[in-house]
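Commentary on secondary and tertiary structure
Letter by letter, the chains look like this.
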Amino acid sequence: MKIVHISDTHIQDDPIMGSIPADNFRACAAHVQEHCSDADMVVISGDLAHHGTDANYAYLTALLDETGLVSMNPRLMIGNHDDRTAFRASFPQTPVDGDGFVQWVEETPLGHFLFLDTNEPDTHAGHYCAKRQAWLRAALDDVVRQNSNAYIFLHHNPMTVHVANADQIGIVQLDAFQDILEDYKAVIRHIFFGHCHFSLSGSVCGIPLSAPRSTSHPNWPDFSGNKDRVGYGGMAQNYNVAFLDARSTVIHSMDFLDERNATWVETEADGWLSEDNI
């Protein structure tokens, strides 16, 4: 399977940290359609809108139509900048669970894709309350019963990232969430998330994970320990492309605004470059 993973689009009219979110989204969507039109799925993992207003979601709807990305049936998830009520009103086709959280399961040829809702009103921290934890355990029990695999998508980082500003707005119930991961790590193949606005890879509870930067305004990872600052500028917006099969997961980061700077040259028959071409 080929999965396009976009995150933190922050759609609004005004610039954010020197970037124009809507223009970047247009460029991202154009790049996806040019290079990944064969993708099996497009996922936008939260912070769809900067303020979560009806107007923001109307703008996002217009952009999806304008760019043609709507034809790829993107899976829209919510993050801390989103408003669950306004999102559901604007995108009523998006599934919700029995408690009204924007989370659902899709069965694919490779296994179950689980889309989680870590939004909590009036805070930028992630929350995964007891009701949501119970839903996730039940979904993973189904995976086990069906002798299948699980791929998890969520907005907030499921582990400490050692950047003080980002970690203070991570998942509040992190221990309980990681207990679930530990209990089901035998069937969880990969975790996809966003929120931090910088590229991340690694593992949690032995489960591989990855995150792209924001398409709006990437941030610099800051290891100073200072939780009261954020660095931005000079870092490329990107999205990730994941290639999944029964034996491997490969993640590519696509700096979609920078490909115009690439130089393409022909290789020899064996795939090597001739000295005349470099």
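Everything numeric here is computed off the predicted structure, so don't read it as measured data. (Residues numbered from 1 in each chain as written. Predicted model: local features only at pLDDT ≥ 70, side-chain atom pairs only at ≥ 80, totals over all residues. Heavy atoms only, no water.)

**Topic: a nonpolar patch on the surface**
As a reminder, the rule being used: Residues with no salt bridge and a relative accessible area higher than 30% make up the patches, which join like charges within 9 Å and nonpolar side chains (Val, Leu, Ile, Met, Phe, Trp, Tyr) within 5 Å. Every accessible area reported is derived by Shrake-Rupley at a probe size of 1.4 Å, with residue values counting cover from the shown protein chains alone. A pair is scored as a salt bridge if a Lys or Arg side-chain nitrogen falls within 4 Å of a carboxyl oxygen belonging to Asp or Glu. In this description a helix means any DSSP run of H or I spanning at least four residues, a strand means any run of E spanning at least two, and both kinds are numbered starting from the N terminus.
On the surface, a nonpolar cluster with roughly 260 Å² of combined accessible area is contributed by Met17, Val230 and Tyr232. Along the chain, Met17 falls in the loop between β1 (2–6) and α1 (21–35).

**Let's talk about the pattern of salt bridges**
Note the threshold: Type-normalised accessible area, obtained with a 1.4 Å probe on protein chains alone, sets the label of each residue: buried when under 20%, exposed when over 50%, and partly exposed for intermediate values.
Under the counting rule described, the total for this entry stands at 13 salt bridges. Residues Asp38 and Lys2 are paired through a salt bridge, measuring 2.7 Å at the closest nitrogen-oxygen approach. On the criterion of sequence distance, the pair formed by Asp38 in the loop between α1 and β2 (41–45) and Lys2 in strand β1 is long-range, its members being 36 residues apart. The exposure class of Lys2 is buried, given its relative accessible area of 11%.

**Looking at the layout of surface pockets**
Definition in use: Here a cavity means grid points, on a 1 Å grid over the protein atoms only, where a 1.4 Å probe fits yet cannot get out; a pocket means an open set of points with protein on both sides within 12 Å along at least five of seven lines; lining residues are those with an atom within 4 Å of a point. Grid points are joined across faces, edges and corners, and a volume is the space filled by probe spheres set on the points. Amino acids outside the nonpolar list (Ala, Val, Leu, Ile, Met, Phe, Trp, Tyr, Cys, Pro) and the charged list (Asp, Glu, Lys, Arg) are all regarded as polar, and Gly is one of them.
If you add up the space inside the largest pocket, you get close to 370 Å³. Lining the largest pocket are 21 residues, with Asn165, Ile169, His195, Asn219 and Val230 positioned closest to its centre. Going through the elements one at a time, α5 (164–167) and β10 (219–220) are the ones with two or more residues in the lining of the largest pocket. When the residues that make up the lining of the largest pocket are grouped by side-chain class, the tally is eight nonpolar, 10 polar and three charged. Around the second largest pocket sit 15 residues that line it, and Asn73, Pro74, Leu76, Gln93 and Thr94 are the ones nearest its centre. Of all elements in the fold, only α2 (54–67), β3 (75–77) and β4 (104–108) reach the threshold of two or more residues within the lining of the second largest pocket.

**Some details on the sheet that holds strand β13 (residues 249–254)**
Here is the rule: Here a strand pair is declared whenever DSSP counts at least two bridges between the two strands. Only C-alpha atoms enter the line fits that serve as axes; for helices the fit covers just the stretch in contact. Angles between N-to-C directions range over 0 to 180 degrees. Throughout, a residue-residue contact means that at least one pair of heavy atoms, one from each residue, lies within 4.5 Å.
Here five strands make up an open sheet; going across it, the order is β3-β2-β1-β12-β13 and the pairing mixed. Since the sheet does not close on itself, it has two edges, and those belong to β3 and β13, each with one partner. Within the sheet, the average angular offset between the axes of one strand and its neighbour, ignoring direction, is 20°. In terms of strand pairing, β1 meets strand β12 (residues 239–244) through four bridges, oriented antiparallel. Counted as the bridge partner of Ile3 is Ala242 from β12. Across the face of the sheet, α1 comes into contact with β1, β2, β12 and β13 while running at roughly 175° to β1.

**Some words on the packing of helix α4 (residues 130–145) against helix α6 (residues 174–183)**
Put simply, the test is: Should an angle lie under 35 degrees it is considered roughly parallel, over 145 roughly antiparallel, and from 65 to 115 roughly perpendicular; all remaining angles are considered oblique.
At their nearest, the axes of α4 and α6 sit 11 Å apart, and the two run at 5° to each other. Comparing their axes, α6 and α4 come out roughly parallel. Of the residues in α6, those touching α4 at Gln133, Leu136, Arg137 and Leu140 are Ala176, Phe177, Asp179, Ile180 and Asp183. By residue class, the composition of the contact of α4 with α6 is five nonpolar, one polar and three charged.

**Details of α2**
Test applied: Any helix carries an expected span of 1.5 Å times its number of residues minus one. The directions considered for the arc are those from the helix axis to the C-beta atoms.
Taking 1.5 Å of rise per residue, the 14 residues of α2 would be expected to cover 20 Å, and the 20 Å separating its terminal C-alpha atoms lies within 8% of that figure. Of the residues making up α2, those classed as buried are Asn56, Tyr57, Leu60, Leu63, Leu64 and Thr67. Considered in projection along α2, the buried side chains sweep an arc of 115° and stay on one side of the axis. Exposed side of α2, more than 90 degrees from the buried face: Asp54, Ala55 and Glu66 are the residues found there. Where α2 is buried, its residues touch α1, β3 and α3 (84–90).

**Examining the nonpolar core**
Worth spelling out the cut-off: Residue types Ala, Val, Leu, Ile, Met, Phe, Trp, Tyr and Cys, when buried and joined through side-chain atoms within 4.5 Å, form a set referred to as a nonpolar core.
Formed by 43 residues in total, the largest nonpolar core has its most connected members in Val32, Phe153 and Tyr239. With five residues, α1 is the single largest residue contributor to this core. The contacts of Val32, once residues within four sequence positions are left out, are Val4, Ile6, Ser37, Leu69, Met72 and Tyr239.

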